[in-house]
Amino acid sequence: MSQTSRDVDPALLEVLVCPLTKATLTFQADSNELISYEAGLAFPIRGGIPIMLESEARPLEERERAKPKANAAPA
Amino acid sequence: MPEPSSTDQGHAQNNSAPHADQTTTHFGFQDVPLEDKADMVQDVFTSVARSYDRMNDVMSFGVHRLWKAHFINCIKPHAGERFLDVAGGTGDIAFALGRAAEQDARRRRLPIGSRADVTVCDLTPSMLVEGQARAQRLPNPYPQYETHYSWLCGTATGLALPDRSFDCYTISFGLRNVDEPQKALNEAYRVLKPGGRFFCLEFSQVVLPGFDRLYDAYSFNVIPRMGQAVAGDRESYQYLVESIRKFAKQGELEDMMRQAGFEHVSHTNLSGGIAAIHTGRRL
């Protein structure tokens, strides 16, 4: 049971903030990451557990750094 | 995962090594660069995750269970409260909080759905995976009040949680392992709602004369050997013993809590000060 595909808890996703800037995060479903545009970091989610460690986060590439507009059509 | 190589040498001798500057912190009896401590602590807990609860039983002759039960009694969890358990590892405190909140809901015959919410935050993913698996096997006597658990990996000094969002913050045998405890206390204060309560259960300083020497002898001679025998891991348990001696004493921890902004700060010694419960409130 422990290694079945486990989705991250949606209630948790809603409340999480960036551990560095405390700004809200954007969940990116295709890469399964939580994006902090302010910190320029993408935090991974592994086995349904958000890994909110700076040391584990992926620095955003230049093209990823623009924060999508709130009214942009979802892909 | 390699064993932490950090405790290879001179652990018991350099007790008084001074802090040269602010960029080092304690790792057991060694001073290590601040940025390394989180990784080193993570190595320790990755290596003990599976045997952690069993080892605690062996080391403390089961007394840690009594301390934890007392801790929950002090907290008196209520239905509908939001709890954050930091360094919550495999979830034993979280499950006890959840169960107590469910019992509270049942006792007060609250409406269906009056449930508590417990967020567990830990530095070590393997501890959380173990906790998550345990949550699925929990007995569920009051499904109408079933506690909601969530699991998140992070540091106590940089919580990925919003300001003023929890009724109760707990940290049990965790603050000692944090690289900057003052920062962790500041974060605890930040995420608590006004009126929110802080509870810390941690090893502390033995206050009974004579007992302290016996306790030292047991800690340094017996516990690392038990670690070897039960968990096959002497170094990690050597670290645990050293880190206990290095941690803030009762009064020092109270001062740090006040520094973070807490009021009504107090502590209760357990087993002659082997452990202590510190409490405070955000007003």
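The residue count restarts for each chain, going from 1 along the sequence in the order it is written. Chain letters start at A and ligand numbers start at 1, both assigned in the order the entries are written. Selection of residues for local features in this predicted model requires a pLDDT of at least 70, selection of side-chain atom pairs for listing and counting requires 80 or more, and totals for whole chains, interfaces and linings are taken over all residues.

1. Structural notes on helix H5 (residues 125-136) of chain B
We apply this condition: Put simply, DSSP marks the helices as runs of H or I at least four residues long and the strands as runs of E at least two long, and each gets a number from the N terminus on. Multiply 1.5 Å by the residue count of a helix minus one, and that product is the helix's expected span. Partly exposed residues are those whose C-beta has more than 12 but fewer than 20 other C-beta atoms within 10 Å; 20 or more makes a residue buried and 12 or fewer makes it exposed, with C-beta atoms placed from the backbone.
The first and last C-alpha atoms of H5 of chain B sit 17 Å apart over twelve residues, in line with the 16 Å expected at 1.5 Å per residue. Those residues of H5 of chain B not exposed but buried are Pro-125, Met-127, Leu-128, Val-129, Glu-130, Gly-131 and Gln-132 of chain B.

2. Considering the interface of chain B and chain A
So the rule is basically this: Two residues form a contact once the distance between their C-beta atoms, set from the backbone, is within 7 Å. Ten residues, namely Ala, Val, Leu, Ile, Met, Phe, Trp, Tyr, Cys and Pro, are considered nonpolar, four, namely Asp, Glu, Lys and Arg, are considered charged, and the remaining ones, Gly among them, are considered polar.
Taken together, the contacts link 18 residues of chain B with 18 residues of chain A. Where the side of chain B that touches chain A is concerned, the elements lending two or more residues are H5 and strand S5 (148-153) of chain B. When grouped by side-chain class, the residues that make up the side of chain B that touches chain A number eleven nonpolar, seven polar and no charged.

3. Digging into the nonpolar core
All names here are of chain B. Basically, it comes down to this: In this description, a nonpolar core means buried residues of the types Ala, Val, Leu, Ile, Met, Phe, Trp, Tyr and Cys, linked to one another by C-beta atoms lying within 7 Å.
Judged by nonpolar contacts, the single largest core of 87 residues is most densely connected at Leu-97, Tyr-169 and Ala-188. If one sorts the elements of this core by residue count, helix H4 (residues 92-107) sits on top with seven residues. For Tyr-169, the contacting residues outside a window of four places in its chain are Leu-84, Val-86, Ala-188, Val-191, Leu-192, Gly-196 and Phe-198.

4. Brief notes about the pairing of strand S7 (residues 192-203) of chain B
All names here are of chain B. Stated formally: Any two strands with at least two DSSP bridges between them are considered paired. Consider the strands pointing away from the viewer: the crossover is right-handed when the path from the first strand over the helix to the second runs clockwise.
Of all the twelve residues making up S7, nine are buried; the element is thus mostly covered by neighbouring parts of the structure. Two elements, strand S6 (residues 166-172) and S7, share six bridges in a ladder whose sense is parallel. Each residue of the ladder has a partner; that of Ile-171, found in S7, is Cys-200. The parallel pair S6 and S7 is bridged by helix H6 (residues 181-191), and the resulting crossover is right-handed. As paired elements, S7 and strand S9 (residues 275-281) share seven bridges and run antiparallel to each other. Looking at the pairing, Cys-200 lines up with His-278 of S9.

5. A word on the packing of H6 of chain B against helix H9 (residues 250-260) of chain B
All names here are of chain B. In plain terms, the rule: In this analysis an axis means a line fitted to C-alpha atoms, helices contributing only their contacting stretch, and an angle means the value between N-to-C directions, from 0 to 180 degrees. By definition in this entry, angles of less than 35 degrees are roughly parallel, angles greater than 145 are roughly antiparallel, angles of 65 to 115 are roughly perpendicular, and the rest are oblique. Crossings are sorted by hand: turned counterclockwise from the far helix by less than a right angle, the near helix makes the crossing left-handed, and turned clockwise it makes it right-handed.
Two numbers describe how H6 lies on H9: the axes approach to 8 Å, and their chain directions differ by 50°. The orientation of H6 with respect to H9, classified from their angle, is oblique. For the pair H6 and H9, the crossing hand works out as right-handed. Side by side, H6 and H9 meet where Pro-181, Gln-182, Leu-185, Asn-186, Ala-188 and Tyr-189 of the first sit next to Met-256, Met-257, Gln-259 and Ala-260 of the second. Each residue belonging to the contact of H6 with H9 can be placed in one class, and the counts come to seven nonpolar, three polar and no charged.

6. Some thoughts on the confidence of the model for chain A
All names here are of chain A. We count it as follows: On a range of 0 to 100, pLDDT expresses the predictor's confidence in each residue.
Confidence in the prediction for chain A averages 85 pLDDT; 83% of positions are at 70 or higher. Here helix H1 (residues 10-15) stands out as the element of chain A with the lowest mean pLDDT, 91, in contrast to strand S5 (residues 58-59), whose mean of 97 is the highest. Scored below 50 in pLDDT, residues 1-5 makes four contacts in the model with residues more than four places away or belonging to other chains.

7. Overview of the sheet that holds S6 of chain B
Residue and element names in this part refer to chain B. Reading across from one edge, S5-S4-S3-S6-S7-S9-S8 is the order of the seven strands in this open sheet, with mixed pairing throughout. Either end of the sheet is taken by a strand with one partner, and the two such strands are S5 and strand S8 (263-270). Looking at each pair of strands side by side, their axes are set apart by 15° on average, direction ignored.

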